[in-house]
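Listed below, chain by chain, are the residues.
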Amino acid sequence: MHEREAEIRSAARAIGALTAPAGSEAGELLLYTGAAGLGKTAVLTEVRRAARRAGCTVLFARGGQRQCHEPFHVVRQLVRPVLAALSDEERARVFGPWEDVVGPAAGLLAPRGQLDPQGVRDGLDFVLTRLVQLRSPLAVIVDDLHWADPESLGWLAGFAVRTRELPALLVLACRDEFPDDALSLQRGLADRADRRHELRPLQPASVAHLVRAALGERAEDAFCRHVWAVTGGNPYETAALLREVADQRLDPVEESTGQLRELAATARGMTLRHWLERLGPTALRFAWAASVLDTDIRHDLAATICAQGPETAAQSVRELRHHRVLTGTAGGRLEFVHPLVATSVYQSMPPATRTAMHGVAAVALENAGLGLLAASRHLLEILPEGDGAIVDKLRRAAREHLAIGAPEAAQRCLRRAISEPPADEDRAPVLYELGCSALLTDPATTVNQLRLALADPYGLDPGLRVDATFRLAQALAHSNRLGEAAALCAEEAARTGPGPGQLRLEVAHFMFAAFQSEDPDGPGRSRRLAEFDRMLGTIGLAFSDTFTEASGTADADARAEAPGGAGAGTGGGAVFERDGLAHAVAVLRCWDLTLRGVDSAEAIALGESALPGGRLPRSLGWTNTTWGFELPGILGISYLYADRVDRAEELFDEAVRAYEVAGWSGGHLGFAYLLTGMLRFRCGALAAAEDYLRRALRIAGRIGPGTPLHWDAVGALAETLAARGRVEEALELTREHAFGPPYPTVMVLPDAPTLYGRLLLARGDAAGAAATLAVAGAALDARGWRNTVWAPWLGHLARAVAPEQPDRARGLAAEAVRRARESGTDSAVGSALRLCAAVHERPRAAALLTEAVGHLERSPARYEHAMALVDLGEVLGGAAGGRGALARGLELATRCDADGLAARARALLRADGAAG
């Protein structure tokens, strides 16, 4: 610990602050960095001891150079020992609802189903927070962070933010050797560090102290100085060199300095010859086996890998401990004395021996009951030989990786399976599994691999081919390529023989086409959808009762479903009954009629027909992957636009619950938050709407800009901010997120061009607003979409042109009212009448607003109702009822958290009182 006093004092201060009776409840992040051999491990060893002496619960882990591709390896080292020791009552308190999500990643439960990576990270945050409450104060210590697996590193980077809120100390040590894809996480951790210490080489005086401690006080100053010059003051290299000096019985005098550089090269290089001479062949083979296991060295497994019996293995361990290669007991857990020793031993292995030992290790770990999660990293190291058994193991390992929320690890296994290679008839299914495994995290990979699977000459079985086509279309749609998605399903349906697979593809074609913002044949497609619905009603196919995966009946539990990619690695395929298709088509027709603005009663009747018993059928469930989350989503929005907020709220609440329970914290949960925020906005709960929409935007930000969720969240939040009177903030939000032309090919909720025009109008740019709204309206009319709630472009265009073209404005506003009356919903009619009143003079404006208030007070649209009341009060002025309308509008605006509208109502009341 020479010259490490400052680092130790820093840790002691942090531990003292955390454990003091009146200490801070907020933790800290300590980061120790430096090149290999500078003493990071020694510092952390002392920190661990100090934390334990102070009464902290200590969680410790070490990254492994050869275990960096074993998902959640660091997390398991940290949490499994303490979590496994909890009582049943404590376990229930710590895990709460997250046990099935966190348990597999922590190594406490068998992998099952497929988990969303973000959900696993959120669950780990929850569990660690509860553990801190139960076992505080907590010290989380990670050595060799640069070798941490990506899954653990990603979680630690997020959890580091929380240490400021918890009585927990996070201590990390690393070299500056992070992989390129982890550099941003490294920088983020470094930026968040409360105390950062960069370890430096030792000064000559400290090296001299080490020399004399090892070789005796007779070591001459010149010899000590030369040791420092040769090793550069690196503590590890200094100790290694001194061991060589002692072994060679070299006198520590000036005359011996000429030999130091050669000895240092020997100590530093540690070649095969070096280790053979030092250890002998038997002990070296055990060391090789231990280096293959890396940080999780079990004596029995290492003995199996190097084919040594109990007595021989025990003797090997004694030799390796004597030569300071391993520490630990002969019958228990072992570890290398330093990571550099492990690296040197591993690199000294001949390539053929290394490959063979990894192959034996894979079998040994699986036979020991450690599963393919641990064995798979060894399978990645063996040479491809066209072994079907290896391909099968890699595919099963990929499924287990998906089941703990590690899709990137699954993809490594599947890519390795392809390079084996698999048998000709298995190649396309492996490509299919690889494509599905990337659907949540890498749509581009999904597209490429599924295209290869579909083009493979040996092909997929018919059911799997249908499913692969649907997953490919999903990936295209989520990449803002809806036109390609719809065309793909139509083309594949034409090539598929009659039956449920063909019908599924035809329905998928209609589904993806329904979300396109532009479609030259929109009205024609609506007619064909209605014809398809009628045709489906005449088909007498006796399909099975519910949708199932080809590998067996679909698990009713959401965690057995793959979020956005069912069937990945299961064989996929689909069999479902006519009712399942009919429900999907009914939802699509309900949505189509809703966007077309026809009688809402007709649209809702279709929606109700898709809900047997008033509940979502299994095939339309939020976590079911028959169709994805889009269909229940558009059904709920249809209810919302039809003023059936009770039904919409049931659906959206169910979505949030389903995704939170399943641990799906990515785009699915973000979409559920978006829908809930839209519902709150529609009901006039603007503050609650803003909260949900900000949650959706945060999740969208994690996924990346330009996605449909990102556009929806920005648009809905901007609309909400404007409604709350924060127009400049709404405009800044749209500028920050590039919300404006060019617009995506997917429709946006609310309609993006219409909202953009409304914001221009709010900013005072009437000409720009008029141009934008006119273009938007023409595109919507061509598409056949005339819903005045989703896209109220006519009323706002009327307001934009009114100063210059009052007659045109009145005509536009009248058309908006006519279209709203066609839908028959009170909120649509009331809102259109309010906008119409804005382009008329008194008393016509008063009459329109009076009618608008009547409609809106029967609707759930409280914010629109408040605006109509304030507008009516302003128009009536001092006339009878004017102050009453303003007072009611003020009260309602305040309840809606519409601060700008409330301020306007107060100003009008003050002005009216002054005039009186």
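Bear in mind the structure is a predicted one, so any value in this text is a computation, not a measurement.

Definitions and cut-offs
- Residues numbered from 1 in each chain as written.
- Predicted model: local features only at pLDDT ≥ 70, side-chain atom pairs only at ≥ 80, totals over all residues.
- Heavy atoms only, no water.
- Helix = DSSP H or I, 4+ residues; strand = E, 2+ residues; numbered from the N terminus.
- Contact = heavy atoms within 4.5 Å.
- Areas by Shrake-Rupley, 256 points an atom, 1.4 Å probe, with all protein chains shown as cover.
- Lys, Arg positive; Asp, Glu negative; His and termini not counted.
- Charge placed at Lys NZ, Arg CZ, Asp CG, Glu CD.
- pLDDT = per-residue confidence, 0-100.
- Pairing = 2+ DSSP bridges.
- Buried < 20%, exposed > 50% of the residue type's maximum accessible area, 1.4 Å probe, protein only.
- Axes fitted to C-alpha atoms, helices over the stretch in contact; angles between N-to-C directions.
- Expected span 1.5 Å × (residues − 1).
- Polar contact = N/O pair within 3.5 Å; in protein donor to acceptor, adjacent residues only side chain to side chain.
- Parallel < 35°, antiparallel > 145°, perpendicular 65-115°, else oblique.
- Left-handed = near helix turned anticlockwise from the far one by under 90°.
- Nonpolar A, V, L, I, M, F, W, Y, C, P; charged D, E, K, R; others polar.
- Salt bridge = Lys/Arg side-chain N within 4 Å of Asp/Glu carboxyl O.

(A) Structural context of the overall build of the protein chain. A count of helices and strands for the protein chain gives 44 helices and eight strands. Dimensions of the protein chain, computed from the C-alpha atoms along their principal axes, are close to 110 × 75 × 50 Å. Across the protein chain, contacts joining residues at least 24 apart in sequence account for 69% of those joining residues at least 6 apart. Entry remark: accessible area of the protein chain is about 35,400 Å², with carbon and sulfur atoms responsible for 52%. Put simply, the protein chain has 100 plus and 114 minus side-chain charges, and the middle of one group is 3 Å from the middle of the other.

(B) Inspection of the confidence of the model for the protein chain at higher detail. For the protein chain, mean pLDDT is 89; residues scoring 70 or higher make up 94% of the total. Across residues 540-576, where pLDDT falls below 50, the model places 111 contacts with residues more than four positions away in sequence or in other chains.

(C) Structural detail: the sheet that holds strand 6 (residues 297-298). Taken in spatial order, the three strands make up an open sheet running 6-8-7, and their pairing is antiparallel. Across the chains shown, the open sheet's two edge strands, defined by having one partner strand only, are strand 6 and strand 7 (326-328).

(D) Looking closely at the environment of Val746. Secondary-structure assignment places Val746 in the loop between helix 35 (727-736) and helix 36 (752-763). Take Val746: its relative accessible area is 11%, and that puts it in the buried class. Sequence spacing of Val746 and Thr707 is 39 residues, and the spatial spacing of their C-alpha atoms is 9.4 Å. Beyond its immediate chain neighbours, meaning those up to four positions away, Val746 contacts Asn480, Leu482, Phe515, Ser517 and Pro708.

(E) Highlighting the sheet that holds strand 3 (residues 138-143). Across the sheet, five strands lie side by side as 2-3-4-1-5; this open sheet has parallel pairing. A strand with exactly one partner marks an edge of an open sheet, and here the two such strands are strand 2 (57-62) and strand 5 (195-198). Here the average twist between neighbouring strands, direction ignored, is 10°. Here strand 1 (residues 28-33) pairs with strand 4 (residues 168-174) via six bridges, running parallel.

(F) Quick peek at helix 24 (residues 462-478). In this model helix 24 runs 25 Å from its N-terminal to its C-terminal C-alpha over 17 residues, within 8% of the 24 Å that 1.5 Å per residue would give. The element helix 24 is extensively covered by neighbouring structure, given that 13 of its 17 residues are classed as buried. A distance of 3.1 Å separates the backbone nitrogen of Gly463 from a side-chain oxygen at the start of helix 24, and that oxygen is part of Asp461. Downstream of helix 24 by one or two residues, Asn480 has phi in the positive range, about 65°.

(G) Looking closely at the pairing of strand 2. Counting buried positions over the six residues of strand 2 gives six, a clear majority of the element. Taking every second residue as pointing to the same face, both faces of strand 2 are buried, with Thr57, Leu59 and Ala61 on one and Val58, Phe60 and Arg62 on the other. Where strand 2 and strand 3 come together, six bridges link them in parallel fashion. Of the residues in strand 3, the one forming a bridge with Ala61 is Val142.

(H) Region of the structure containing helix 9 (residues 204-215). Its twelve residues give helix 9 an end-to-end C-alpha distance of 16 Å, which sits within 8% of 16 Å, the value for a rise of 1.5 Å per residue. Within helix 9, burial applies to Ser206, Val207, Ala208, Val211, Arg212 and Leu215. The inward-facing, buried residues of helix 9 abut helix 10 (221-231) and helix 11 (235-247). Looking one or two places after helix 9, you find Gly216, whose phi comes out positive at around 105°.

(I) Highlighting the packing of helix 35 against helix 36. Between helix 35 and helix 36, whose axes approach to 10 Å, the crossing angle comes to 135°. The orientation of helix 35 with respect to helix 36, classified from their angle, is oblique. Once helix 35 is placed against helix 36, the crossing between them reads as left-handed. In this structure, helix 35 contributes Val727, Ala730, Leu731, Thr734 and Arg735 to the contact, and helix 36 contributes Leu759, Ala762 and Arg763. Its residues assigned to classes, the contact of helix 35 with helix 36 comprises five nonpolar, one polar and two charged.

(J) Quick peek at the pattern of salt bridges. Taken as a whole and judged by the stated rule, the model has 56 salt bridges. Where Arg53 meets Glu46, a salt bridge forms, and the shortest distance between an N and an O atom there is 3.4 Å. The exposed category is assigned to Arg53, whose relative accessible area is 61%. As a salt-bridge pair, Glu492 and Arg495 come within 2.9 Å of each other at their nearest N and O atoms. Of the two residues, Glu492 and Arg495 are both situated in helix 25 (residues 482-495); the distance of three residues between them amounts to about one turn of the helix. What makes Glu492 buried here is its relative accessible area of 3%. Judged by relative accessible area, which is 57%, Arg495 ranks as exposed. Within the structure, one salt-bridge network assembled from shared partners comprises Glu690, Arg694, Arg724, Arg726, Glu729 and Asp899.

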